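A closer look at the structure
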Amino acid sequence: MTTAAEAADPAVPIPALSRAPSARSGVRAVRWGLVKLALAILVLVAAASVTFFAQLLVPGDRATTILNQQTGRAQLWSAADLAPVNHQFGFDRPLAVQYVDYVSGLFRGDLGTSYTQHKPVTEVIGAQIVPSLVLTVAALVTAWVLSLVVILVTVKRRRFVTAIGSTWEALTASLPPYWIGVVLLVVFAVELRVFPVIGGTGVAGTVLPVLTLALPLAGFLGQVTRDEFEKVLDQPFITTARTRGMSDTGVRLKHALRHSVLPAVTLSGWALGSLLSGAVIAENVFGRPGIGQVLVVAVNTRDVPTVSGIVLVVAGVYVIANLLVDLAYVLIDSRLRAS
Amino acid sequence: MTEVTASERVSLGTDPDVPLLAVENLRVSFGGHEVVRGISFTAHPGRCLAIVGESGSGKSVTARTLVGLTGSGAHVRADRIELDGIDLTTQSERTWRAIRGRDIGFVLQDALGSLDQLRRVGDEVAEPLRVHGWGTRASRSRKAIELLGSMGVPEPAVKARQRPYELSGGLRQRALIASAIALDPKLIVADEPTTALDVTVQAQVLDLLAEAKAHGTSIILISHDLSVVARLADEVAVMRDGEVVEHGPVHQVLRRPRHAYTQALLDAIPSEHTRGTRLSRGGNVPQRSRRPVDRGRPVLEARHLTKVYRGPDRVDRTVVDDVSFELFGGETLGIVGESGSGKTTTARIALSLLAPTSGEVLLHGESWSTLPPRRRRPLRKRIGVVYQDPLNSFDPRWSVGRITIDALTMGNRPPSSRAEARERAVRLLEQVGLGDQHFDAAPLRLSGGQRQRVAIARALAPEPEVIVCDEPVSALDVSIQAQVLDLLTDLQDELGVSYLFISHDLGVIHHMSDRILVMKDGQVVESGTADDVFRRPQHPYTQRLLTALPRLVPA
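Small disclaimer: the values here were computed from a predicted structure and weren't measured.

Now for the overall build of chain B. Of regular secondary structure, chain B possesses 21 helices and 21 strands. Taken over the C-alpha atoms alone, chain B extends approximately 80 × 55 × 45 Å along its principal axes. When each of the 555 residues of chain B is scored for burial, the buried share is 55%. Restricting to contacts in chain B with at least 6 residues of sequence separation, those with at least 24 account for 68%. For chain B, the accessible surface area stands at approximately 23100 Å², while carbon and sulfur atoms represent 48% of it. Once the 70 positive and 69 negative side-chain charges of chain B are each reduced to a mean point, those two points are 5 Å apart.

Below, the structure is given as structure tokens:
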């Protein structure tokens, strides 16, 4: 019935077009990758520039702050006292030189030196980033598994079952992670003693922090997927699959799922970044080492290079996550390859 | 649980006198509302039973009941549903799954929606094989290619690796049929298998089904289109409101219908024989004498229109190629063509919704496609438009009355008061066969025919000289289509309005048009009076179109 509409719409792919030789599509893929990479670098440089200039806006002289930190006092220092510090950290050079130095340092993997720990920022972050990334990725994966199981089991079932599914999603999506963390801690660690109270970075100690972050996200992902899933189950191709003798579970897994995950995939890019910066809550509640703890300490002590470094790492994770999302899009729905 | 055993399946008959499927007194209801009311029929090997009816007649529900997929909340009762001796009324879901795809193949309409867009065509075709545990992965994919090839799909190995959206409508429908016959079922249920297909492709798909029939497959064809049925069916059951009103051999039902409803359905089909007559309300009552066409200056004129699109691969595609036409006062100019022929793009250029790459459109001798938008706007009221699906062009929160009044205020004589606006809107609605009672209705609540009437009222409101009708009846049932076409001709006689009438349906075009343009690949391949084009087609493409056109009276 759409004969007329199809005729006019230039967006409808013409078969000859999609049969383009694979060499050409390979060139297109490489070009796509290069453009994405260039944009990613641009985003990181922009984030670095913003943090660099933001630290200049922090009230107070930087050398004074550092000396106060080192001595544990709060006083005004003489120019003679400040000069070696200014020289050590390069504050006596022109601003433009400092900026170029900072940005070019980024390309060499140099994020500057921590004011408080007197170690390269890369070292400060490097020691703590692994547990944070483990926590973040594990939470994202757990959230996906939880939300998909609830979707597959409860969408378009008996009314009662469907209601349980959507209520569960609304409830978990609206709970504050901090509260979930405390409840999980009290119930499973203190009362039932299934998991350790102070977890560390082992497997047993990771379960509760992961759940703390994963539960609200699972509810959220479930809510966006549920709508799509319901719509897809009404599509004619689902009926076609059933007329071929496919079981209900088969239809859900083989056909419906792939069509309904795109919105949740989109959100996952954002979720990965936000989990990393939000990990501090879980790390605090469970006394777990991680980048969140480092960030809190660095902000409290005005350790600007460390804060900037962490901002850059989080920005980097966002960029990588969104690249992965773009890639996942094309893998799930090849129609998006063109656009 | 009765498992379908191998020994039972051997008995699957090929004797055309023994029914393969017997249905007696089938009743289906949804929430107390009965949509199928006690129908009985049989299907025989090597024969085709057509179940014909309009929307809401219960024909699709019947089809789905035959594969045990009536839908949630359905209550199905029958004295007997027997497939080759197996009682289907008492089967478990598990047995149903064994039967679906293996004993009964099902072809749905709308192959784009009925194939999973994200999977390869080959995987879709091979799915029944996989579900029923046929062969290995490699042998299944070979079989899928073989099946596509047997359906006349060119380069089947290439097509099997593509996704459904990369294939044309005709190829998609073939893939769908290939999947349905993969396990060589004894019965194929086809629900509107050729709706939405171009007439030449439709003919090819029907030939494929005819071939399966010749090999001894039993076919149940569900359709709203009596002319499609004429091409394939041996037996026809006409359904209305869940009942079979007439049932008999195809030549008898189509040539000597006994029921008034069948007769009305047949009369409502527009064709060359219905020109100058009314289609609706039964009987070929001659129309009023037609207002003569004013052959003075054309009201709308297109001069050498060309539209070129640049694709993402930077290759230019000429969608409309040097199209010229003149439309005179009170005349209907039909543009007919298959999908991709450029007819809708031509309409959009005529409406100045799209700028041509070259060429110009003149409205009353004045160039209007070349005007800047600000100077073009006052002229817009002189040309109206009616689309295939008006729902998309209505603000869903507006009432019918508001839609009509809004269009009135666009015209030359905007209403000066609220009372006048309402009065004139109601008068317009009455003119298109609606009335005061529809004034506050939301378009969503109206039937398809009523919506199209609102769209016509809206197009008429600014009192235009030309209305562009782009597939205005393609989504409507044949009896509703008849009413809308009658309304359009009545309005033309009354108001002298000209129509640029675009359709893929040759019957509709022939019934409506004074003159016709036949478009193919953006070019006008033939033009002339309706009778010249249809009776003495010069261009081979037109000749091919007319040969492919299913005819009510089997040749």
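Residues Tyr178(A), Trp179(A), Val182(A), Val183(A), Val186(A), Val187(A), Phe188(A), Val190(A), Leu192(A), Val194(A), Val197(A) and Ile198(A) make up a contiguous nonpolar surface patch of about 1000 Å² in total accessible area. You can see Val187(A) is positioned in helix α9 (residues 177-191).

Residues and elements named next belong to chain B. Per-residue pLDDT for chain B has a mean of 88; in total, 94% of the residues score no lower than 70. Averaged over each element, pLDDT in chain B is lowest for helix α1 (residues 6-10) (41) and highest for strand β3 (residues 48-52) (96). Below a pLDDT of 50 lies the segment residues 1-13, which in the model reaches 22 contacts outside its immediate sequence neighbourhood of four places, other chains included.

A word on the pattern of salt bridges. Within the structure shown, the criterion is met by 38 salt bridges over all chains. Where Glu127(B) meets Arg119(B), a salt bridge forms, and the shortest distance between an N and an O atom there is 2.8 Å. Of the two residues, Glu127(B) and Arg119(B), neither departs from the other in class, the shared state being buried. A salt bridge links Arg413(B) to Glu463(B); its shortest N-O distance comes to 2.4 Å. Here the residue Arg413(B) occupies a position in the loop between α15 (400-409) and α16 (418-431), and Glu463(B) occupies one in the loop between α17 (448-460) and β18 (466-470), the gap between them amounting to 50 residues. For Glu463(B), a relative accessible area of 42% translates into the label partly exposed. Through salt bridges that share partners, Arg244(A), Arg119(B), Glu124(B), Glu127(B) and Arg130(B) make up one connected network.

Here we take up the packing of helix α7 (residues 121-154) of chain A against helix α10 (residues 203-233) of chain A. Residues and elements named next belong to chain A. Between α7 and α10, whose axes approach to 7 Å, the crossing angle comes to 40°. Taken as axis vectors, α7 and α10 run oblique relative to one another. Both α7 and α10 take part in a crossing whose hand is right-handed. When its residues are assigned to classes, the contact of α7 with α10 shows 20 nonpolar, five polar and one charged.

One frequent convention defines the size of an interface as the accessible area lost when the parts assemble. Listed as interface residues are 33 residues of chain A and, on the opposing side, 53 residues of chain B. Both sides together, the interface formed by chain A and chain B hides about 3800 Å², and carbon and sulfur atoms give 57% of it. At the junction of chain A with chain B, the criterion picks out two salt bridges. The shortest N-O distance in the salt bridge between Glu124(B) and Arg244(A) comes to 3.4 Å. Linking chain A to chain B there are 11 residue pairs in polar contact (both at pLDDT 80 or more). Among the elements of the structure, α1 (3-8), α2 (15-18), α11 (236-243) and α12 (248-260) of chain A are those that each provide at least two residues to the side of chain A that touches chain B. The element that contributes the greatest number of residues to the side of chain A that touches chain B is α11(A), accounting for seven residues. Of the residues assigned to the side of chain A that touches chain B, the class counts are 14 nonpolar, 10 polar and nine charged.

Residue and element names in this part refer to chain B. Taken together, the six strands give an open sheet; going across it, the order is β7-β8-β9-β3-β10-β11, and neighbouring strands pair in mixed fashion. Strand pairing shows two members of the sheet lacking a second neighbour, β7 (104-107) and β11 (243-249), which therefore form its edges. Neighbour to neighbour, the strand axes of the sheet diverge by 15° on average, direction disregarded. With five bridges joining them, β3 and strand β9 (residues 218-223) adopt parallel strand pairing. Bridge pairing in β9 places Val-52 opposite Ser-223.

Residues and elements named next belong to chain B. Note that Thr-318 resides in strand β13 (residues 316-327). Thr-318 sits in the partly exposed class, given a relative accessible area of 39%. It is 6.9 Å that separates the C-alpha atoms of Thr-318 and Gly-522, two residues lying 204 residues apart in sequence. Not counting the four nearest positions on each side in its chain, Thr-318 is found in contact with Thr-306, Lys-307 and Val-308.

With that settled, the discussion passes to the nonpolar core. All names here are of chain B. Ranked by size, the top nonpolar core spans 105 residues in total, and within it Val-236 and Ile-456 carry the most contacts. If you tally residues by element for this core, the top one is helix α9 (residues 199-214), at eight residues. When residues of this core are assigned to domains, at least three map to each of domain 1 (1-103 + 228-267) and domain 2 (300-548). Residues within four places of Ile-456 in sequence aside, it is in contact with Val-386, Val-432, Val-484, Leu-487, Leu-488 and Leu-491.

Moving on: unusual backbone geometry. Residues and elements named next belong to chain B. Although it is not a glycine, Asp-322 adopts a positive phi angle of roughly 55°. With respect to the helices, strands and loops of the structure, Asp-322 is situated in strand β13. Of note, the phi angle at Ser-352 is positive, near 60°, even though the residue is not glycine. Within the secondary structure layout, Ser-352 lies in the loop between α13 (343-350) and β15 (358-363). Looking at Ser-352, the relative accessible area reads 5%, which means it is buried.

Definitions and limits used
Residues numbered from 1 in each chain as written. Chains lettered and ligands numbered in written order. Predicted model: local features only at pLDDT ≥ 70, side-chain atom pairs only at ≥ 80, totals over all residues. Heavy atoms only, no water. Helix = DSSP H or I, 4+ residues; strand = E, 2+ residues; numbered from the N terminus. Buried < 20%, exposed > 50% of the residue type's maximum accessible area, 1.4 Å probe, protein only. Contact = heavy atoms within 4.5 Å. Areas by Shrake-Rupley, 256 points an atom, 1.4 Å probe, with all protein chains shown as cover. Lys, Arg positive; Asp, Glu negative; His and termini not counted. Charge placed at Lys NZ, Arg CZ, Asp CG, Glu CD. Patch = residues over 30% accessible without salt bridge, like charges linked within 9 Å, V, L, I, M, F, W, Y side chains within 5 Å. Salt bridge = Lys/Arg side-chain N within 4 Å of Asp/Glu carboxyl O. pLDDT = per-residue confidence, 0-100. Axes fitted to C-alpha atoms, helices over the stretch in contact; angles between N-to-C directions. Parallel < 35°, antiparallel > 145°, perpendicular 65-115°, else oblique. Left-handed = near helix turned anticlockwise from the far one by under 90°. Nonpolar A, V, L, I, M, F, W, Y, C, P; charged D, E, K, R; others polar. Buried area = accessible area lost by both parts, 1.4 Å probe. Polar contact = N/O pair within 3.5 Å; in protein donor to acceptor, adjacent residues only side chain to side chain. Pairing = 2+ DSSP bridges. Core = buried A, V, L, I, M, F, W, Y, C linked by side-chain atoms within 4.5 Å. Domains from an automatic or database assignment.

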